[in-house]
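Structure assessment
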Amino acid sequence: MAVMAEIMAPAGDAGPSGRETALLNRIATSRDRQAFTALFDAYAPRIKAFMMRKGANAAQAEDLVQETMIAVWSKAALYEAGRGSVATWIFTIARNLRIDRLRREKTSLFTDLEGYDVETDEDGQEEALCRFQEDGYVARALAQIPEEQRQLLIMSYMEDMAQSEIAAKLQIPLGTVKSRMRLAYIRMRKLLETIS
Amino acid sequence: MTATHHLDEATIMALGAGTLGEAHGFAAATHMAYCPSCRAALREAEQLGGSLLAAADEEAVSDQCRSATLASLEAVSPEKRKAPAKSASDVPAVLCNLIGNVPLEEIRWRKMGPGIATHAIPLTPGGRTKLTLFRIEPGYRIPEHGHGGSELTVVLRGSFTDKTGHYMKGDISDLDETVEHQPVVDEGETCYCLFATEAPARFKSRLLRLLQPLLGF
């Protein structure tokens, strides 16, 4: 099957994640503005759309774009490729800054995620557990899960809805939302294990 | 120290997506300090977010935003890697910071009755979640209750048992509104736990429901 062949193909260093890691390294080692500009042009429009989908207006979304990208510049040396892709790293920065912002505005119901992994891991196994670093794999896996599960992932990650809000909107019990989230997670994991 | 009772995957996904309530986020973070497998699961949940961002639609960014960002770079110095945060007591740093970096014995406990004391941890005003520390004496039985929403309990010292299992240091109990339980603190050691709730716990007894506002949980 052609699709499977494509999924099974190794991404290699020349893949988008490898290129983005190289850009970040250039920022970290030599404050390379050209590398930063390339990352800005790739990510700023997506971060802006992402924030607007979560309810920010255009001006607020651009503020968050700016804050996120400046953090990418200042934190570039802290990125660890073993922990996930550049897109994931930028996603967590944007997510945390947005939570900070909501909290400063005192409308926040959400938690600040900085520092959840401050304690060192004694058995050193967790790096190995982060198996899928190519975003393409995840996107493909996402395309293969049932619509009702994918819908919940989109509502949760993109539209910023709490599980209780999703339950109210879809008029299904919270327990069903949770079990669908769990199923989506298990399906994704399985697919990704097969892929990578 | 590795935990044996973990976060529900659905909770980890909410945390990754950034939609988990504030109190629950702190309780989850406290558990994760003890739990490499939940940390790894969170990374996976975040990877989903990264992929969705990578595949997101684009919204054109104004020239002003772009030039202002580029113009501000010179003034921004690179961040250095910080040493892992050290905790001033036997609880994880993320929680220790929240309670003023003092040991559990030294925080201000409010006695709720024989065998039980609590300490409310202030969060962002106006939030819908509550974060409370409990200090419960050995053998104490918490009256049977259900939950108005999701409830997370992390054991910091000692242990307790309910119908869902035996919870020791670092373990987390992740319950939703469908579960009613009656935790009993095990003999031998005072149990300290961190408790995140969404809405007040629902006690079965009408008297306890009436007393609940006074009891503070």
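Residues numbered from 1 in each chain as written. Chains lettered and ligands numbered in written order. Predicted model: local features only at pLDDT ≥ 70, side-chain atom pairs only at ≥ 80, totals over all residues.

Some details on the packing of helix 4 (residues 58-75) of chain A against helix 5 (residues 86-104) of chain A
Residue and element names in this part refer to chain A. In plain terms, the rule: Interaxial angles span 0 to 180 degrees and are taken between N-to-C directions of axes, which are lines fitted to C-alpha atoms, for helices over the stretch in contact. Secondary structure counts use DSSP, requiring at least four H or I residues in a row for a helix and at least two E residues in a row for a strand, with both numbered from the N terminus. Working rule for angles: under 35 degrees goes down as roughly parallel, over 145 as roughly antiparallel, 65 to 115 as roughly perpendicular, anything else as oblique. Should the near helix be turned anticlockwise from the far one by less than a right angle, the crossing is left-handed, and should it be turned clockwise, the crossing is right-handed. Think of it this way: build a C-beta for each residue from its backbone, and any pair within 7 Å is a contact. Residue polarity is assigned by list, with Asp, Glu, Lys and Arg as charged and Ala, Val, Leu, Ile, Met, Phe, Trp, Tyr, Cys and Pro as nonpolar; anything else, Gly included, falls into the polar class.
It is the contact of helix 4 with helix 5, at a shortest axis distance of 9 Å, that shows an interaxial angle of 130°. Between helix 4 and helix 5, the interaxial angle falls into the category oblique. Here helix 4 runs over helix 5; the crossing is right-handed. Together, L64, E67, T68, A71 and V72 of helix 4 and I90, I93, A94, L97, R98 and R101 of helix 5 make up the contact between the two elements. In the contact of helix 4 with helix 5, the residues fall into seven nonpolar, one polar and three charged.

Topic: the interface of chain B and chain A
Listed as interface residues are 65 residues of chain B and, on the opposing side, 74 residues of chain A. Listing elements by their share of the side of chain B that touches chain A, those giving two or more residues are helix 1 (9-17), helix 2 (22-34), helix 3 (36-54), helix 4 (63-72) and helix 5 (93-98) of chain B. Per element, the largest residue contribution to the side of chain B that touches chain A is 14 residues, and it comes from helix 3 of chain B. In terms of residue class, the side of chain B that touches chain A is built from 31 nonpolar, 18 polar and 16 charged.

Re the environment of A81(A)
Residue and element names in this part refer to chain A. Keep this limit in mind: The burial criterion counts other C-beta atoms lying within 10 Å of a residue's C-beta, which is placed from the backbone; the residue is buried at 20 or more, exposed at 12 or fewer, and partly exposed between these limits.
Inspection of the secondary structure assignment puts A81 in the loop between helix 4 and helix 5. Overall, the presence of 16 C-beta atoms within 10 Å leaves A81 in the partly exposed class. Residues A81 and S17, 64 residues apart in the sequence, show an inter-C-alpha distance of 9.3 Å.

Some details on the sheet that holds strand 6 (residues 160-162) of chain B
Rule in force here: Here the rule is simple: two strands pair whenever DSSP picks up at least two bridges between them.
Taken together, three strands build an open sheet; the order of strands is 7-6-9 (chain B) and the sheet is antiparallel. Only two strands of the sheet have a single neighbouring strand rather than two, namely strand 7 (165-167) and strand 9 (184-185) of chain B.

Quick word on the nonpolar core
Put simply, the rule is: Here, a nonpolar core means buried Ala, Val, Leu, Ile, Met, Phe, Trp, Tyr and Cys residues linked by C-beta atoms lying within 7 Å of one another. An automatic or database domain assignment supplies the start and end points of every domain.
I90(A), A27(B) and C193(B) are the most contacted members of the largest nonpolar core, which totals 103 residues. Here this core gets 10 residues from one element, more than from any other, and that element is helix 3 (residues 33-53) of chain A. The residues that make up this core include at least three from each of domain 1 (13-111) and domain 2 (131-195) of chain A. Those residues in contact with I90(A) that lie beyond four places of it in its chain are Y43(A), T68(A), V72(A) and L53(B).

Quick notes on the packing of helix 5 of chain A against helix 3 of chain B
Their axes nearest at 7 Å, the elements helix 5 of chain A and helix 3 of chain B cross at an angle of 95°. On the basis of the axis angle, helix 5 of chain A is roughly perpendicular to helix 3 of chain B. Where helix 5 of chain A abuts helix 3 of chain B, its residues A87(A), T88(A), I90(A), F91(A), T92(A) and R95(A) lie against E46(B), Q47(B), G49(B), G50(B), S51(B), L53(B) and A54(B). In the contact of helix 5 of chain A with helix 3 of chain B, the residues fall into five nonpolar, six polar and two charged.

Some details on the sheet that holds strand 1 (residues 110-113) of chain B
All names here are of chain B. The strand order across the open sheet formed by six strands is 1-2-3-10-5-8, and the pairing between neighbours is antiparallel. The open sheet has two edge strands with one neighbour each: strand 1 and strand 8 (172-175). Here the strands of the sheet are splayed against their neighbours by 25° on average, with no regard to which way each runs. Where strand 1 lies against strand 2 (residues 116-121), three bridges are found, and the strand directions are antiparallel. When the sheet's bridge partners are listed, R110 is paired in strand 2 with T118. With respect to the sheet, helix 2 is in contact with strand 3 (130-136), strand 5 (151-157), strand 8 and strand 10 (191-197), its orientation differing from that of strand 10 by roughly 140°.

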